[in-house]
Amino acid sequence: MRGIDWPSGRFLPAFVLGPLTGVLCGYLAASLIMRSRAYCDAGNEPGHRFALIFFDLPALMLVCALAAWIASGFLWCLVRPASWKAAVFTVVPISLEVGLLIGWAAFASLGTLDGYPGDSGLCPASNIPPWWPSWLPA
């Protein structure tokens, strides 16, 4: 593809993999949020599940994808790698880190409803599941 400048051409895989990595991180965060809410039975009523599935989680995936794309584009402008392998190995880790940070923040705010009266009896009042690592704040 001669004549086509950045980001198309041979570097296109890096700009496709950035948002896809963000969507994957958003999906993982969404499944973690759903799992923690179901385990603690906090905010798991039909109305809350509907709002979570059709509004909050698609917005989370979109935000993760956009943030990963912006971070990868910013990194691209700073580094400008010479090969597609270098582009993939610089863009994907940054996209992964940005997506995971946003997913972690979403889990802390949407997945652990502090003070919400859960009925399962498996979680404390903070609704942080016992399987969540204690060294990782939520």
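Refer to the structure presented above.
This report concerns the structure included in the present document. Nothing here was measured: the structure is a model prediction, and the numbers come from that model. (Residues numbered from 1 in each chain as written. Predicted model: local features only at pLDDT ≥ 70, side-chain atom pairs only at ≥ 80, totals over all residues. Heavy atoms only, no water.)

Here Asp 41, not a glycine, exhibits a phi torsion of approximately 55 degrees, which is positive. Structurally, the position occupied by Asp 41 is in the loop between α1 (12-40) and α2 (46-79). According to the relative accessible area criterion, Asp 41 is partly exposed, its value standing at 24%. The residue Asn 127 is not glycine, and still its phi comes out positive at about 60 degrees. Mapped onto the elements, Asn 127 comes out in the segment after α3 (84-111). (Helix = DSSP H or I, 4+ residues; strand = E, 2+ residues; numbered from the N terminus. Buried < 20%, exposed > 50% of the residue type's maximum accessible area, 1.4 Å probe, protein only.)

Right, let's talk about the packing of aromatic side chains for a bit. Tallying each qualifying case throughout the model produces four aromatic pairs. Taken together, a centroid distance of 4.8 Å and an interplanar angle of 45 degrees make the contact between Phe 50 and Phe 54 tilted. You can see Phe 50 and its partner Phe 54 sitting in helix α2, four residues apart, about one turn around the helix. On the basis of relative accessible area, Phe 50 is assigned to the partly exposed category, the value being 48%. Given a relative accessible area of 53%, Phe 54 falls into the exposed group. Between the aromatic rings of Phe 50 and Phe 55, the centroid separation amounts to 6.1 Å while the plane-to-plane angle is 80 degrees, which identifies the pairing as edge-to-face. Linked through ring pairs, Phe 50, Phe 54 and Phe 55 together constitute an aromatic cluster. Between Arg 35 and the ring centre of Trp 131, over which it is positioned, the NZ or CZ distance is 4.3 Å. (Phe/Tyr/Trp six-rings, centres within 6.5 Å; stacked < 30°, edge-to-face > 60°. Lys NZ or Arg CZ within 6 Å of the ring centre and 35° of its normal.)

Glancing now at the nonpolar core. In this structure, Ala 29, Ala 30, Ile 33, Leu 52, Leu 57, Leu 60, Cys 64, Ala 106, Phe 107 and Trp 132 together form the largest nonpolar core, which totals ten residues. Broken down by secondary-structure element, the contributors of at least two residues to this core are α1, α2 and α3. Tallying contributions element by element places α2 first for this core, with four residues. The contact partners of Leu 60, leaving out residues within four places of it in the chain, are Gly 26, Ala 29, Ala 30, Ile 33, Ile 102 and Ala 106. (Core = buried A, V, L, I, M, F, W, Y, C linked by side-chain atoms within 4.5 Å. Contact = heavy atoms within 4.5 Å.)

The next subject is the state of the cysteines. If you walk through the whole model with that rule in mind, you get one disulfide. In this structure Cys 25 is a free cysteine whose sulfur lies 6.5 Å from that of Cys 64, the closest cysteine sulfur available. On the basis of relative accessible area, Cys 25 is assigned to the buried category, the value being 2%. Under the relative-accessibility criterion, Cys 64 is labelled buried at 0%. (Disulfide = S-S within 2.5 Å.)

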